[in-house]
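Fold and geometry: a report
Listed below, chain by chain, are the residues.
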Amino acid sequence: MKVVKVGLLGLGTVGGGTVNVLKRNSIEISRRSGCEVVVTKACARNITRERICDTDGIQLTTNPNDVINDPDIQIVLELMGGDEPAKSLILSALSQGKHVVTANKALIASHGNELFAAAADNNVTLAYEAAIAGGIPIVKAMREGLSANKIEWLAGIINGTGNFILTEMRDKGSAFADVLKEAQELGYAEADPEYDVEGIDAAHKLCILASLAFGMPLNFEKVYTEGISTITPLDVTYAEELGYRIKHLGVARKSDAGVEMRVHPTLIPEKRLIANVDGVMNAVVVKGDAVGSTLYYGPGAGAEATASSVIADIVDICRQLDVPSDKTVPSLGFISDQLQEIALLPIEDVTTAFYLRLSVEDKPGVMAGITTILAENGISIEAMLQKEPKHGTTAQVILLTNSVVEKGLIAALKGIESLDSIKEPAIRIRVESLQ
Ligand code: HSE
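No experiment lies behind these values; they were computed from the predicted model shown.

**So, helix α2 (residues 26-33)**
Each full turn of the α-helix corresponds to 3.6 residues, which orients residues three or four apart in the same direction. Turning to α2, its buried residues are I29, S30 and S33. Angular distribution of buried residues about the axis of α2 spans 100°; they occupy a single face of the element. Seen from the buried face of α2, the exposed residues on the opposite side, beyond 90 degrees, are I27, R31 and R32. Buried residues belonging to α2 abut α1 (13-24), β2 (35-43) and α12 (303-319). Following α2 by one or two positions, G34 adopts a phi angle in the positive range, close to 80°.

What follows is the structure, given as structure tokens:
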């Protein structure tokens, strides 16, 4: 059987998991790929550190060039993360005719257009299944399984840390900051937890999913991003009373007006399957015109779950080592010269329903003032809760609106917040029916 030598850049959690799974499942992987896949070299910052994998037979180095300049290595795994030196190392490996597999979502989202072009120029593959939703084969599903469809929209829980935090807030009534600390102690959060809780990590993944869905170049800067740090246990509880769960969703939708790409906390009806995806698990719903709604669920992180995706990419490459790259599955699922720039909608032009929570003075006529302004702006109320003050005189009014263009809602809220009876800025969270 043909031997394919693999070099690793990064021997941390995902690198270690990849070495372990390649070793443990070597027979199945050979039977599927037609090759014996052997890791021969690995670059790590500290080569004496204790590892989760056995490194027998792997030459360790602290110099990444030892890996990418090795003429015997055909596939380089970039599992170090970050922007540089990862980007330069990938470009160098591609220019030497090596295939590259990466789990680096930030790099693909921000520089994927350039990196995919470099791969094509060098007749090799840059594969990235592990960059989105860990072990879920969502890239495979979108590029191949759904290729008959016009994708209408997709919505995903694509950051496990954020989902863990919201789940704990709901189950235990804990405050955001306390659960974030717990998530960090459990090792879920990114090195900079802002990436998880402010939605940047999810925005990286959403940007890639949107390009896969609609056949457009990557455009990370245009993803509207809002985090979960402002969500309170009170809103989680009131959402439940209304029959909803709050999830941190990435949503991409295409309409005649253009494409929306947005990451924000979202109320979802509790009966939707995705509303019941809890803890660190990820899930993506993709709606195609032919197939309807499809749901992909699984672990979004973890050593062997992510290794599962890395190795699936290795197997694909092994099967096509002698195939010209323009005859393999295109990087974003559409032939590269068929990618189209599509108008991207600013968030002000996006239409969604809203959950509003208003802190109001508990006196006659307050509701009339609020509903009049909503009506004047063409916004109707779908559901309402009113909570009497526990202490003092401030009551909570919770409203669910119909679907409204965001700038219309902002105009209405400006009027509502200027009423004497309104005590604090309104809390507003978007609502998606996901149907
Ligand atoms: N920090 C990420 C998450 C890891 O929580 O989902 C996987 O990208």
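**Focus: unusual backbone geometry**
What is expected of a backbone is that most residues other than glycine have negative phi and most peptide bonds are trans. Residue P85 follows E84 across a cis peptide bond; omega there is 10°. Backbone geometry at N123 places phi at a positive 60°, although glycine is not the residue there. Summarising the element assignment, N123 is placed in the loop between α5 (105-121) and β6 (126-127). The partly exposed category is assigned to N123, whose relative accessible area is 42%.

**Topic: the pairing of strand β13 (residues 351-361)**
In terms of burial, β13 is largely enclosed, as nine of its eleven residues are buried. Direction of pairing for β13 relative to strand β16 (residues 404-405): antiparallel, over a ladder of two bridges. Bridged to T352 within β16 is V404. When β13 meets strand β17 (residues 427-431), the two strands line up antiparallel, connected through five bridges. Opposite A353, over in β17, you have V431 as the bridge partner.

**Thoughts on the packing of aromatic side chains**
One pair of aromatic rings is described through two measures. These are the centre distance and the angle between the planes. Under the counting rule described, the total for this entry stands at one aromatic pair. Between F116 and Y128 the ring centres are 5.4 Å apart and the planes differ by 45°, which places this aromatic pair in the tilted class. Here F116, found in helix α5, pairs with Y128, found in the loop between β6 and α6 (138-145); they are twelve residues apart in sequence, far enough to count as distant. In terms of burial, F116 and Y128 fall into one category: buried.

**Thoughts on the packing of helix α7 (residues 160-172) against helix α8 (residues 176-185)**
Here α7 crosses α8 at 130°, and the two axes come no closer than 9 Å. As far as their axial angle goes, α8 and α7 are oblique. With respect to the hand of their crossing, α7 and α8 are arranged in right-handed fashion. In this structure, α7 contributes T161, F164, I165, E168, M169 and K172 to the contact, and α8 contributes F176, V179, L180, E182 and A183. Partitioned by chemical class, the residues of the contact of α7 with α8 number seven nonpolar, one polar and three charged.

**A few points about the pattern of salt bridges**
Pairs may arise between side chains of opposite charge once their charged atoms sit close together. In this structure the tally under the stated criterion is 29 salt bridges. Among the salt bridges present, the one from E304 reaches R24, with a minimum N-O distance of 2.7 Å. In this pair, E304 is assigned in helix α12 and R24 in helix α1, connecting sequence segments 280 residues apart. One network of salt bridges, in which partners are shared, links R170, D171, E240, R245, K247 and D278.

**Considering the domain arrangement of the protein**
Segmenting the protein into domains produces domain 1 (2-135 + 303-338), domain 2 (143-299) and domain 3 (350-431). When each unit is reduced to the centre of its C-alpha atoms, the spacing between domain 2 and domain 3 is 25 Å. Across the interface of domain 2 and domain 3, roughly 1400 Å² is buried in total on both sides, 66% from carbon and sulfur atoms. Between domain 2 and domain 3 we count three salt bridges in total. A salt bridge links E241 to K387; the shortest N-O distance between them is 2.7 Å.

**Section: the side chain of T401**
The residue T401 is located in strand β15 (residues 394-401) in this model. In this view, T401 contacts A353, F354, L356, I379, S380, E382 and L409; residues no more than four positions away in its chain are not counted.

**A few points about the pairing of β15**
Most of β15 sits out of view: seven of its eight residues are buried. For β13 and β15, the ladder comprises seven bridges, and the chain directions are antiparallel. What sits directly across from L358, in β15, is V397. With six bridges connecting them, strand β14 (residues 381-387) and β15 associate as antiparallel partners.

**Topic: the nonpolar core**
If you look at the biggest cluster of nonpolar residues, it comprises 57 residues, and the most contacted ones within it are Y128, I132 and I138. Here this core gets ten residues from one element, more than from any other, and that element is helix α10 (residues 200-214). Taken together, domain 1 (2-135 + 303-338) and domain 2 (143-299) each give at least three residues to this core, which thus spans both. Setting aside chain neighbours within four positions, we find I132 in contact with I138, V139, K205, I208, L209 and L212. Grouped together as the second largest cluster of nonpolar side chains are 30 residues, V21, C35, V310 and V315 included.

**Quick notes on the side chain of N104**
Structurally, the position occupied by N104 is in the loop between β5 (99-102) and α5. If we ignore the near neighbours within four places in the chain, the residues touching N104 are E78, G81, G82, A86 and A131.

**Some words on the environment of D70**
Within the fold, D70 resides in the loop between α3 (64-68) and β4 (73-78). As a C-alpha pair, D70 and K98 span 28 residues in sequence and 10.0 Å in three-dimensional space. Setting aside anything within four residues of it in sequence, one finds D70 in contact with K41, N65 and K98.

The rules we used
- Counting restarts for each chain, with residues numbered from 1 along the sequence as it is written.
- Totals for whole chains, interfaces and linings use all residues, but because this is a predicted model, local features are given only for residues with pLDDT of at least 70 and pairs of side-chain atoms are given and counted only at 80 or more.
- Computation of side-chain values: all heavy atoms of the structure, hydrogens and water removed.
- Using a 1.4 Å probe on the protein chains alone, a residue whose accessible area is under 20% of its type maximum counts as buried, one over 50% counts as exposed, and one in between counts as partly exposed.
- What counts as a helix is a DSSP run of H or I of at least four residues, what counts as a strand is a run of E of at least two, and both are numbered from the N terminus.
- Summarising the geometry, the arc corresponds to the directions from the helix axis toward the C-beta atoms.
- Contacts are residue-level and defined by heavy atoms, with any inter-residue pair within 4.5 Å sufficient.
- DSSP calls a pair of strands paired once it identifies at least 2 bridges connecting them.
- Note on aromatic contacts: the rings of Phe and Tyr and the six-membered ring of Trp form a pair at centre separations within 6.5 Å, being stacked when their planes are under 30 degrees apart, edge-to-face when over 60 apart, and tilted otherwise.
- Structural elements are reduced to axes, namely lines fitted to C-alpha atoms, with helices fitted over the stretch in contact, and the angle between N-to-C directions of any two is expressed from 0 to 180 degrees.
- For classification purposes, angles smaller than 35 degrees are called roughly parallel, those larger than 145 roughly antiparallel, those between 65 and 115 roughly perpendicular, and all remaining angles oblique.
- For a crossing to be left-handed, the near helix must be turned anticlockwise from the far one by less than a right angle; the clockwise case is right-handed.
- The nonpolar class holds Ala, Val, Leu, Ile, Met, Phe, Trp, Tyr, Cys and Pro. Asp, Glu, Lys and Arg form the charged class, and all remaining residues, Gly among them, are polar.
- Whenever a carboxyl oxygen of Asp or Glu lies within 4 Å of a side-chain nitrogen of Lys or Arg, that contact is scored as a salt bridge.
- The source of the domain bounds is an automatic or database domain assignment.
- Once two parts are brought into contact, the accessible area they lose, counted with a 1.4 Å probe and summed over both, makes up the buried area.
- We define the nonpolar core as a collection of buried residues of types Ala, Val, Leu, Ile, Met, Phe, Trp, Tyr and Cys that are connected through side-chain atoms lying within 4.5 Å of one another.

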